[in-house]
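Report on the structure
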Amino acid sequence: VRCVQETDAEYMGKVKELLGLKQNEDFKVAGFIKYLFNILFTRHFNLLQKHTPQELVLGYTDPFLTNIKKSLSPIQFGNPAINDRVAVLRTHSGNDIFEMNTGKDDASQLRQIQTMNKRDYVTKEYAQYDGESVVKEVRSPWLKDVKLEGTDGLGFSPALKQKDSLTYFSYEFLRPIKLDFIENKHNAIEFLDVYRYKLNAQQFEPCSVEHTDNCKFYQSQPQGIWNLRPVQEIDIFVTKQNFLGAQIPTPVTIYTDSTKAEKVVANEAKDETYYEVEPLSGTLSSVQNPFQFNTILPETKFLDQAKDVYVPLVSYSRTYGASSQVLTDDFRAVSYTHLTLPTIYSVQISVVAVSLKKKK
């Protein structure tokens, strides 16, 4: 803020003091960058950090963001509203309140989610610093309001028929996910006849006249990708594991191990999502739910890159078996060949990608 009585010299002196410049130093960009590095990149912060795949998926506290949030005043580019938890997957914060139908009056509505934060559409909490305090607001993350549909995914309504499709609400992706019946199967372990379902393929279609419902989720070309930026506020794109069904214009070759030349080929049996449900009770029998999280190297006119390049970061799979009654999470680092843009690659994603370690 400049006082009316201040001369130009006095005002510039105040600005230099704020930026950490000596009074005899010129007011140049170099000094400003020096200030940023001195203030923001100190306090035990390293530009290259190592994190396990589990930390990338479920989250870790970033010291750089913590510095911005807690150690710096707003006049020093601090932001007390910033989220210093970094994760490619949205995890339950405990702040969201859900209402679920008990099925007492209508068994077909058993476990159906009715409201989220007292609204009948998908919401997300946002925080913003207004100069005096942190203001929180609950609103939809999507282009249009997305009506709440489906159960919590741990069970469905009883008396299912083969023609029925299932829907569960994904808290991680903040969207309803539809499942289509594919076969009647006998579960030899549990001695049950179950219905087997897989992800509805149309949900991965880009926005078009035929698939207008996908437009509100910011889905564009190519096919087979979910844009998670509205949910996580970082450039994360979700595909089925090993890019199954994704029409990537510039694919990245994935390997089983960085030390071996064993190329991974997408396998529907392993990389697709499957749910098995006992039809009479609607009880969940087993789940195979693998997803892959990717970042993007956008196309550029300055180098020879005509298309966006989607780079896998980590795979996450959730499995469940009724015999053990335990949800099991598996986190897997992804190994792949070098890209045609090693410079941009190292700048944009090496902070995350080169430090991945496989789960032992």
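Residues numbered from 1 in each chain as written. Predicted model: local features only at pLDDT ≥ 70, side-chain atom pairs only at ≥ 80, totals over all residues. Heavy atoms only, no water.

Let us look at the confidence of the model for the chain. Overall, the prediction assigns the chain a mean pLDDT of 77, with 71% of residues at 70 or greater. Across residues 338–360 the pLDDT falls below 50, and counting only partners more than four positions away or on other chains, this stretch makes 49 contacts in the model. (pLDDT = per-residue confidence, 0-100. Contact = heavy atoms within 4.5 Å.)

Below, the discussion takes up the nonpolar core. Residues Phe156, Phe173, Leu179, Tyr197, Tyr275 and Phe293 are the most contacted members of the largest nonpolar core, which totals 40 residues. Within the residue set of this core, elements represented by two or more residues are strand 4 (113–116), strand 7 (166–170), strand 8 (175–187), strand 9 (192–199), strand 13 (274–278), strand 14 (283–297) and strand 15 (309–321). For Phe293, the contacting residues outside a window of four places in its chain are Val88, Leu89, Phe173, Leu228, Ile236, Phe237, Val238, Val311, Pro312, Leu313, Val314 and Tyr316. Residues Phe243, Ala246, Ile296 and Val334 belong to the second largest nonpolar core, which totals nine residues. (Core = buried A, V, L, I, M, F, W, Y, C linked by side-chain atoms within 4.5 Å. Buried < 20%, exposed > 50% of the residue type's maximum accessible area, 1.4 Å probe, protein only. Helix = DSSP H or I, 4+ residues; strand = E, 2+ residues; numbered from the N terminus.)

This paragraph deals with the state of the cysteines. Scanning the entire structure with this criterion turns up one disulfide. The disulfide bridge from Cys207 ends at Cys215, spanning 1.9 Å between sulfur atoms. Between Cys207 and Cys215 the sulfur-sulfur dihedral comes to about 80°; the bridge is accordingly right-handed. What makes Cys215 partly exposed here is its relative accessible area of 22%. (Disulfide = S-S within 2.5 Å.)

Applying the stated criterion across every chain yields a total of 13 aromatic pairs. Centroid distance Phe181 to Tyr197: 5.9 Å. Interplanar angle 80°. Geometry classified as edge-to-face. Separated by 16 residues along the polypeptide, Phe181 in strand 8 and Tyr197 in strand 9 bring together distant segments of the chain. Among the aromatic residues, those joined into a ring-pair cluster are Phe173, Phe204, Trp226, Phe291 and Phe293. In this structure, Arg139 packs its charged tip against the face of Tyr126, placed 3.8 Å from the ring centre. (Phe/Tyr/Trp six-rings, centres within 6.5 Å; stacked < 30°, edge-to-face > 60°. Lys NZ or Arg CZ within 6 Å of the ring centre and 35° of its normal.)

Structurally, Pro141 is set in the loop between strand 6 (134–139) and strand 7. You can call Pro141 buried: its relative accessible area is 7%. Sequence-wise, Pro141 and Leu174 are 33 residues apart; in three dimensions their C-alpha atoms are separated by 8.5 Å. Once residues lying within four places of it in the same chain are set aside, the contact partners of Pro141 are Val122, Thr123, Lys124, Tyr126, Leu174, Tyr218 and Pro230.

The subject of this paragraph is the side chain of Arg175. Structurally, Arg175 can be placed in strand 8. Buried charge without a partner: Arg175 forms no salt bridge, and the closest opposite charge is Asp213, 6.8 Å away. At 3.0 Å, the side chain of Arg175 and the side chain of Gln219 are in polar contact. Non-local contacts of Arg175, meaning those with residues more than four positions away in its chain, are made with Tyr168, Phe169, Ser170, Gln203, Asn214, Phe217, Gln219 and Trp226. (Lys, Arg positive; Asp, Glu negative; His and termini not counted. Salt bridge = Lys/Arg side-chain N within 4 Å of Asp/Glu carboxyl O. Polar contact = N/O pair within 3.5 Å; in protein donor to acceptor, adjacent residues only side chain to side chain.)

Attention now goes to the pattern of salt bridges. Within this structure, the stated rule accounts for 14 salt bridges. As a salt-bridge pair, Arg90 and Asp96 come within 2.9 Å of each other at their nearest N and O atoms. Taking the relative accessible area as the measure of exposure, Arg90 reaches 11% and is therefore buried. The shortest N-O distance in the salt bridge between Glu276 and Lys185 comes to 2.9 Å. A residue pair is termed long-range when its members are at least 10 positions apart, and Glu276 in strand 13 and Lys185 in strand 8 qualify at 91 residues. Residue classification places Glu276 among the buried positions, given a relative accessible area of 4%. On the basis of relative accessibility, which here comes to 32%, the residue Lys185 falls in the partly exposed class.

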